[in-house]
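As a plain string of letters, each chain reads:
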Amino acid sequence: MDTPKTADIVIIGGGVMGASAAYHLAKRGIKNVVLLEKEEFFGTGATGRCAGGVRYQFSTEINVRLSIESLPMLECFKEEIGQEVNYRKCGYLLVATNETDAEAFRHNVALQNRLGVETELLSGGAVRARLPLMRFEDAIAGTWNPKDGLVDPNSVVAGYVSAAQKLGVKALTNAQVTGIRTRGGEIEAVESTQGAIETRTVLNTAGPWAGLIGTLAGVQIPIVPVRRQWFTTNALKEIPEDFPFVIDFAQSLYFHREAEGLLIGMSNQEEKPGFEQNVDEEFEFLNLEAAIERMPLLERASRASHWAGLYEVTPDAHPIFGGSPLKGFSICAGFSGHGFMHGPVAGKLMTEYILDGKFSTLDVSTLDLARFEEGRLIKEYNVV
Ligand SMILES: Cc1cc2nc3c(=O)[nH]c(=O)nc-3n(C[C@H](O)[C@H](O)[C@H](O)COP(=O)(O)OP(=O)(O)OC[C@H]3O[C@@H](n4cnc5c(N)ncnc54)[C@H](O)[C@@H]3O)c2cc1C
């Protein structure tokens, strides 16, 4: 496809945020939208490397509300977008093994229940009873929501991109943005490896790279890339089909069923910010050891695949929605490792912001860029 010379809106980054925003803008009738992705395919950044978990279980009201809006959009994705995304409601079971986390869990369940989310608080004994294949002698409490589960990230991106294209969006791959030209405090053009596009409006959905795009525009965005990784096992006949998404919260260690085996990940708390996306095999070994401690049958498992990707981390683990000091330059990024599930509503919210100047579906105006300078941070506890 030839690069358009002009656009009403240029979206930078074709992961779940960019794809969702492109679709929602086009659905509102904006015809001249251009989506630029630097890689050969859409959705190969954080979105394509993510674990696919979707959950209502968060510790802040704004994140719970984002899930309340976004997860039903994934449930009816096939009807609206025409693409199967394989929503599997296996439930999330979060396990606390120390009193601080148990106390936070009690607070989280009360918050979620108040917002109409039916998460259940479990005792340590109930956790053990639900997970007979696992060793959780030290479990003090758990939280369980049967509506949490898994969705296929690649299908979500592919669905949004092709629905957007049908509505007229020009979606380009191998198009790396290399510059944002401004004049007198306004955007003039976006420069890319496939040519320049004149525009007044840019949406930065570059995920872990959003800070770099900010630099091109002269806007400081506090998002740092941090590597996270997981591996999958071969088929394990003992794992039942309804095995939940289990999180050993203190270790940020998680397990869920993937194909006939398990997907297992753990966050390296020592990981330094950086763009490295190779799997750290030394840490993978630690991950495996921790997983075997919790599930001894894994001693007999072999690795089927492994991946590393980048979390897009902000100082308060909440995303950035909205404008910036540069007129026409807005941001939808920084979801800090749990953004895939919020992608559907995020694209809709940014469409409202760009076209109407306000968020109507859900007021996320407190998650603006200015909060970092003004010290209005809201810390999310349920980061895995
Ligand atoms: C290992 C791992 C596990 C995860 N597990 C989950 C989970 O279970 N559930 C969940 O909800 N979230 C999870 N996440 C987080 C989730 O993947 C992200 O929050 C989400 O995908 C972010 O989407 P995005 O569109 O903002 O970023 P991305 O998907 O990274 O998209 C940004 C795009 O911008 C492109 N880009 C960058 N620079 C340029 C440029 N100069 N020009 C053009 N294009 C550019 C990139 O190539 C990329 O495709 C996980 C992340 C990782 C790494």
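What counts and what doesn't
Residues numbered from 1 in each chain as written. Predicted model: local features only at pLDDT ≥ 70, side-chain atom pairs only at ≥ 80, totals over all residues. Heavy atoms only, no water. Helix = DSSP H or I, 4+ residues; strand = E, 2+ residues; numbered from the N terminus. Rg over C-alpha atoms; globule rule 2.2 N^0.38 Å. Buried < 20%, exposed > 50% of the residue type's maximum accessible area, 1.4 Å probe, protein only. Contact = heavy atoms within 4.5 Å. Areas by Shrake-Rupley, 256 points an atom, 1.4 Å probe, with all protein chains shown as cover. Lys, Arg positive; Asp, Glu negative; His and termini not counted. Charge placed at Lys NZ, Arg CZ, Asp CG, Glu CD. Pairing = 2+ DSSP bridges. Axes fitted to C-alpha atoms, helices over the stretch in contact; angles between N-to-C directions. Core = buried A, V, L, I, M, F, W, Y, C linked by side-chain atoms within 4.5 Å. Near = heavy atom within 4 Å. Polar contact = N/O pair within 3.5 Å; in protein donor to acceptor, adjacent residues only side chain to side chain. Nonpolar A, V, L, I, M, F, W, Y, C, P; charged D, E, K, R; others polar. Phe/Tyr/Trp six-rings, centres within 6.5 Å; stacked < 30°, edge-to-face > 60°.

## A closer look at the overall build of the protein chain
Thinking step 1. Each helix and strand in the protein chain was counted, giving 10 helices and 19 strands.
Thinking step 2. Computed over the C-alpha atoms, the radius of gyration of the protein chain is 21 Å, within 12% of the 21 Å expected from 2.2 N^0.38 for a compact globule of 384 residues.
Thinking step 3. Seen through its C-alpha atoms, the protein chain measures out along the principal axes to roughly 65 × 40 × 40 Å.
Thinking step 4. A total of 384 residues make up the protein chain; the buried ones form 57% of that total.
Thinking step 5. Excluding contacts between residues fewer than 6 apart, the proportion of contacts in the protein chain whose partners are at least 24 apart in sequence is 74%.
Thinking step 6. Accessible surface, the protein chain: about 15,800 Å² in total, of which carbon and sulfur atoms supply 50%.
Thinking step 7. For the protein chain, the separation between the mean place of its 36 positive charges and that of its 49 negative charges on side chains is 4 Å.

## Some thoughts on the sheet that holds strand 17 (residues 303–313)
Thinking step 1. In space, the 8 strands of this open sheet follow the order 5-6-4-14-15-16-13-17, with mixed pairing throughout. Taken across any chain shown, the strands that pair with only one partner, and hence form the sheet edges, are strand 5 (120–123) and strand 17. Across the sheet, the mean angle from the axis of one strand to that of its neighbour is 20°, orientation sign disregarded.
Thinking step 2. In terms of strand pairing, strand 14 (residues 245–248) meets strand 15 (residues 253–258) through 3 bridges, oriented antiparallel. Each residue of the ladder has a partner; that of valine 246, found in strand 15, is phenylalanine 255.

## Some remarks on the nonpolar core
General note: in soluble globular proteins, nonpolar side chains tend to be found buried as a group.
Thinking step 1. Ile11, Val156, Phe321 and Val364 are the most contacted members of the largest nonpolar core, which totals 52 residues.
Thinking step 2. Looking at this core, the elements that each hand over two or more residues are strand 1 (9–12), helix 1 (16–27), strand 2 (33–36), helix 2 (61–75), helix 3 (77–81), helix 6 (153–166) and helix 9 (343–356).
Thinking step 3. When neighbours within four sequence positions are excluded, isoleucine 11 is seen to be in contact with Gly18, Ala21, Ala22, Leu25, Val33, Val34, Leu35, Leu36, Leu203 and Thr205.

## Some points on the site of the ligand
Thinking step 1. Neighbouring the ligand are 39 residues; Glu37, Ala46, Thr47, Gly53 and Glu312 lie closest to it.
Thinking step 2. A distance of 2.5 Å is found between an oxygen atom of the ligand and a side-chain nitrogen or oxygen belonging to glutamate 312.
Thinking step 3. One of the backbone nitrogen or oxygen atoms of histidine 338 is found 3.4 Å away from an oxygen atom of the ligand.
Thinking step 4. Relative to its unbound accessible surface of 1,000 Å², the ligand loses 98% to contact with the protein.
Thinking step 5. Elements supplying a minimum of two residues to the shell around the ligand: helix 1, strand 13 (224–233) and strand 17.
Thinking step 6. No other element matches the 4 residues that strand 17 contributes to the shell around the ligand.
Thinking step 7. Its residues assigned to classes, the shell around the ligand shows 19 nonpolar, 14 polar and 6 charged.

## Regarding the packing of aromatic side chains
Thinking step 1. Within this structure, the stated rule accounts for 9 aromatic pairs.
Thinking step 2. On the numbers, 4.8 Å between centres and 75° between planes, the contact of phenylalanine 77 with tyrosine 160 is edge-to-face. You can see phenylalanine 77 sitting in helix 3 and its partner tyrosine 160 sitting in helix 6, a full 83 residues away along the chain.
Thinking step 3. Overall, phenylalanine 77 belongs to the buried group, its relative accessible area being 1%.
Thinking step 4. Taken together, a centroid distance of 6.3 Å and an interplanar angle of 20° make the contact between tryptophan 209 and phenylalanine 275 stacked. Of this pair, tryptophan 209 sits in the loop between strand 12 (202–204) and helix 7 (210–217) while phenylalanine 275 is found in the loop between strand 16 (261–266) and helix 8 (281–294), placing the two residues 66 residues apart along the sequence.
Thinking step 5. We classify phenylalanine 275 as partly exposed; its relative accessible area is 37%.

## Notes on the pairing of strand 11 (residues 195–198)
Thinking step 1. One ladder, built from 4 bridges, connects strand 10 (residues 186–192) with strand 11; its direction is antiparallel. Bridging across to strand 11, valine 190 finds its partner in isoleucine 197.

## With respect to the sheet that holds strand 8 (residues 170–172)
Thinking step 1. Across the sheet, which stays open at both edges, the 6 strands sit in the order 8-2-1-12-19-18 with mixed pairing between neighbours. Of all strands in the sheet, those with a lone pairing partner are strand 8 and strand 18 (320–322), marking the two edges. Across this sheet, the average inter-strand angle for adjacent strands is 20°, counted without regard to direction.
Thinking step 2. Of the pairings in the sheet, the one linking strand 1 to strand 2 comprises 4 bridges and is parallel in character. Note that in strand 2 the partner of valine 10 across the bridge is valine 34.
Thinking step 3. Of the strands in this sheet, strand 1, strand 2, strand 12 and strand 19 (329–333) are in contact with helix 1, which crosses strand 1 at around 160°.
Thinking step 4. Set on the sheet, helix 9 makes contact with strand 1, strand 12, strand 18 and strand 19; between it and strand 19 the angle comes to about 165°.

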